[in-house]
Amino acid sequence: DKSKLIDKSKLNAFGDVCSPPPNGWRYTDSEVKTLRDAIDRCCTIMNISKSVLSRGKSAIVLKAWRKIAESLPHRTLLSVHSKGLNLVGPTYKKGPWSPGEIKQLHLLVDKHGNDWKLIQNKINRAAMSCRAKYCCAKHPRAKYPRAKY
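Computed from a prediction, not measured in an experiment: that's the story for all the values here.

1. What to know about the environment of E101
Right, so step 1: Position of E101 relative to the elements: it lies in helix α5 (residues 99–112).
Right, so step 2: Residue E101 is classed as buried on the basis of its relative accessible area of 9%.
Right, so step 3: Residues E101 and R125, 24 residues apart in the sequence, show an inter-C-alpha distance of 9.6 Å.

Right, dumping it as structure tokens:
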């Protein structure tokens, strides 16, 4: 029965389905502090660096993110992972795109296709930001193309 299927993106670290937090989906300052502390604690306990945590896909890194997510049980694992990557990952340029950046983005997509990870490093913008900007500029109402991350 399809009604019994659970969307795993809505599960927290304990496997429970999350409802929207009472304060909405934005992270509060106290949640960000809790997340930063959990990341620091987990990196120390598991003896891994933040750079490994931000780039790795090994079983140890996945276990670390699950442990970190336990500090915010009302948040989904996906949400904690995404926000955590923003906190520990490389810092890319944010804010409005210049016409020159948009032109460079289109040239890079023409050359490299949807290899957003490669493009992000050449343009110094996050892969998701590049993908969203490209898709919105080309096809404002279309779904995003399948990405290689």
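Picking up where we left off.
2. Focus on the layout of surface pockets
Right, so step 1: Taken as a whole, the largest pocket spans an internal volume of roughly 1,100 Å³.
Right, so step 2: Along the walls of the largest pocket sit 28 residues, with S54, H81, S82, L85 and M128 positioned nearest its centre.
Right, so step 3: Elements represented by at least two residues in the lining of the largest pocket include exactly α2 (50–55), α3 (59–69), α4 (77–88), α6 (116–123) and α7 (127–138).
Right, so step 4: No other element matches α4, which puts six residues into the lining of the largest pocket.
Right, so step 5: Looking at side-chain class alone, the lining of the largest pocket contains 13 nonpolar, nine polar and six charged residues.
Right, so step 6: Empty space within the second largest pocket amounts to approximately 180 Å³.
Right, so step 7: Surrounding the second largest pocket, R26, Y27, L78, S79, S82, K83 and N86 form its lining.
Right, so step 8: Residues of the lining of the second largest pocket, tallied by class, amount to two nonpolar, three polar and two charged.

How each quantity is defined
- Counting restarts for each chain, with residues numbered from 1 along the sequence as it is written.
- Reporting in this predicted model follows two pLDDT cut-offs: at least 70 for local features of residues, and 80 or more for side-chain atom pairs to be given and counted; totals over whole chains, interfaces and linings ignore these cut-offs and use all residues.
- With hydrogens and water set aside, each side-chain value is computed from the structure's full complement of heavy atoms.
- Every helix listed is a DSSP run of H or I at least four residues long, and every strand listed is a run of E at least two residues long, numbered separately from the N terminus.
- Only protein chains enter the accessibility calculation, which uses a 1.4 Å probe; a residue is then buried when its area is under 20% of its type maximum, exposed when over 50%, and partly exposed in between.
- Cavities and pockets were defined on a 1 Å grid built over protein atoms only: a cavity is a set of grid points that admits a 1.4 Å probe from which the probe cannot escape, a pocket is an open set flanked by protein on both sides within 12 Å along at least five of seven lines, and lining residues are those with an atom within 4 Å of any such point.
- Grid points are joined across faces, edges and corners, and a volume is the space filled by probe spheres set on the points.
- Residues were grouped as follows: Ala, Val, Leu, Ile, Met, Phe, Trp, Tyr, Cys and Pro as nonpolar; Asp, Glu, Lys and Arg as charged; and all remaining residues, including Gly, as polar.

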